[in-house]
Amino acid sequence: MCFCLCRRIGKTFIIYFFKYDLGGAGWKATYTLFSTVGGAAQILGMMVLYPLLRKKFSSTQVFHLSLVLALCGYGTLLVFCLTGLSHSLALLCIPGVVVFACNGMLTVLTTLFLSNSVDYGQLKTGRREESVIFSMQTFVVKAASGVAVFLTGIGLDLIGLVGNTEETGPVAVQSAGTLLGLRLMMTVLPMLVLAGALVLFRRKFVLTDARAAEISAQLDARMEKLQKIAAQATEGKDRALSS
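What you see is a predicted model, and the numbers here were worked out from it, not measured in a lab.

Participant: Describe the state of the cysteines, listing the residues and the values that go with them.
Facilitator: For the structure shown, the criterion picks out zero disulfides. Looking at Cys81, it has no disulfide partner, and the nearest cysteine sulfur is the one in Cys93, 13 Å off. No disulfide involves Cys102; its nearest neighbouring cysteine sulfur is the one of Cys72, lying 8.6 Å away. Taking relative accessible area as the criterion, Cys102 reaches 2% and is therefore assigned buried.

Written out as structure tokens, the structure reads:
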């Protein structure tokens, strides 16, 4: 939930940043280019970086690393915003690529952890509720989107931003305080959410790779036992019918 919320908050605020802070008549083209680079980095994180890191580190270690790197990416973006370097698209893409690549790895890992949760639930309850557990992922994404829009609306009211994200029409001039507030909302708020996710993960997450392998072995042993019982029952029934 925290990861999805962080991603949605950043994605919602950044379009206002491009229009009113980075600004210019071609702000939409600049935003599209940034999003394209970020999307490519996210795919790179999912398809290349995650498999490479997974060869040397456990899934929980990769998750920790992704959260920390995403925090560093947002921190670098904050420094760029406060020092005026954020008006360079090339420099802006550096932390952007880091954050998007980490988002790609985190997306893979959250799906992996959900599949481990299915095995854990089967071990505890005896029922395999794949559809219920994986449907929660869609619910969490929708809930995070709603919360992000709500927080964005409150944030924009607090900083006094005037305007919208429409492509046409003049770009309203914002005060220095409004632009500073927009930069802080775009960076500090996601950082706080990621920090909360990191703390919760370290304290509450128990389905490590070793634990997941143990659960899988227990389920295999239980299934093998049930298959033997079923085979014995079938054999006994066949003997009774033949006699």
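Resuming the write-up.
Participant: Give a detailed account of the layout of surface pockets, specifying residues and quantitative values.
Facilitator: Of the volumes computed, that of the second largest pocket is approximately 400 Å³. If you go around the second largest pocket, you meet 19 residues; those closest to its centre are Arg7, Gly10, Lys11, Phe100 and Asn103. Listed by contribution, the elements that provide at least two residues to the lining of the second largest pocket are helix H1 (2-22), helix H2 (27-56), helix H3 (59-83) and helix H4 (89-125). Counting residues per element, the lining of the second largest pocket draws most heavily on H4, which supplies six residues. Looking at side-chain class alone, the lining of the second largest pocket contains ten nonpolar, six polar and three charged residues.

Participant: An account of the side chain of Ser59 is requested, with residue identities and associated values reported.
Facilitator: Assignment of secondary structure puts Ser59 in helix H3. You can call Ser59 buried: its relative accessible area is 0%. A polar contact of 2.4 Å, which involves the side chain of Ser59, links it to the side chain of Asp209. Ignoring sequence-local partners within four residues, the contact set of Ser59 consists of Arg54, Leu109, Leu112, Phe113 and Asp209.

Participant: Go over the nonpolar core, please, and point to the residues and values.
Facilitator: Here is a general trend for soluble globular proteins: nonpolar side chains tend to be buried in one another's company. Within the largest apolar cluster, 44 residues are counted, with the highest numbers of intra-cluster contacts made by Phe17, Phe18 and Leu182. Elements supplying a minimum of two residues to this core: H1, H2, H3, H4, helix H5 (130-159) and helix H6 (176-204). The element contributing the most residues to this core is H1, with twelve residues. Not counting residues within four places of it along the chain, the set of residues in contact with Phe17 comprises Leu22, Gly23, Cys81, Ser86, Leu92, Leu182, Arg183 and Met186.

Participant: Talk me through the environment of Arg54; I want residue IDs and the actual numbers.
Facilitator: Tracing the sequence through the fold places Arg54 in helix H2. Apart from residues no more than four positions distant in its own chain, Arg54 is found in contact with Ser59, Val62 and Asp209. A distance of 3.0 Å separates a polar side-chain atom of Arg54 from the backbone oxygen of Phe57.

Participant: Explain the pattern of salt bridges to me, using residue names and the numbers behind them.
Facilitator: Scanning the model with the defined rule gives six salt bridges in all. For Arg128, the salt bridge is made with Asp119, and the minimal N-O distance between the two is 2.8 Å. In this structure Asp119 comes out as buried when scored by relative accessible area, which is 17%. Here Arg128 makes a salt bridge to Glu130, at a shortest N to O gap of 3.3 Å.

Participant: Would you mind going over a nonpolar patch on the surface in detail, with residue names and values included?
Facilitator: On the surface, Ile43, Leu44, Met46, Met47, Val48, Leu49 and Leu52 cluster together into a nonpolar patch covering about 610 Å² of accessible area. Within the fold, Met46 resides in helix H2. For Met46, a relative accessible area of 31% gives the class partly exposed.

Definitions and limits used
Residues numbered from 1 in each chain as written. Predicted model: local features only at pLDDT ≥ 70, side-chain atom pairs only at ≥ 80, totals over all residues. Heavy atoms only, no water. Disulfide = S-S within 2.5 Å. Buried < 20%, exposed > 50% of the residue type's maximum accessible area, 1.4 Å probe, protein only. 1 Å grid on protein atoms, 1.4 Å probe; cavity = no way out; pocket = protein on both sides within 12 Å on 5 of 7 lines; lining within 4 Å. Points joined across faces, edges and corners; volume = space filled by probe spheres on them. Helix = DSSP H or I, 4+ residues; strand = E, 2+ residues; numbered from the N terminus. Nonpolar A, V, L, I, M, F, W, Y, C, P; charged D, E, K, R; others polar. Polar contact = N/O pair within 3.5 Å; in protein donor to acceptor, adjacent residues only side chain to side chain. Contact = heavy atoms within 4.5 Å. Core = buried A, V, L, I, M, F, W, Y, C linked by side-chain atoms within 4.5 Å. Salt bridge = Lys/Arg side-chain N within 4 Å of Asp/Glu carboxyl O. Patch = residues over 30% accessible without salt bridge, like charges linked within 9 Å, V, L, I, M, F, W, Y side chains within 5 Å. Areas by Shrake-Rupley, 256 points an atom, 1.4 Å probe, with all protein chains shown as cover.

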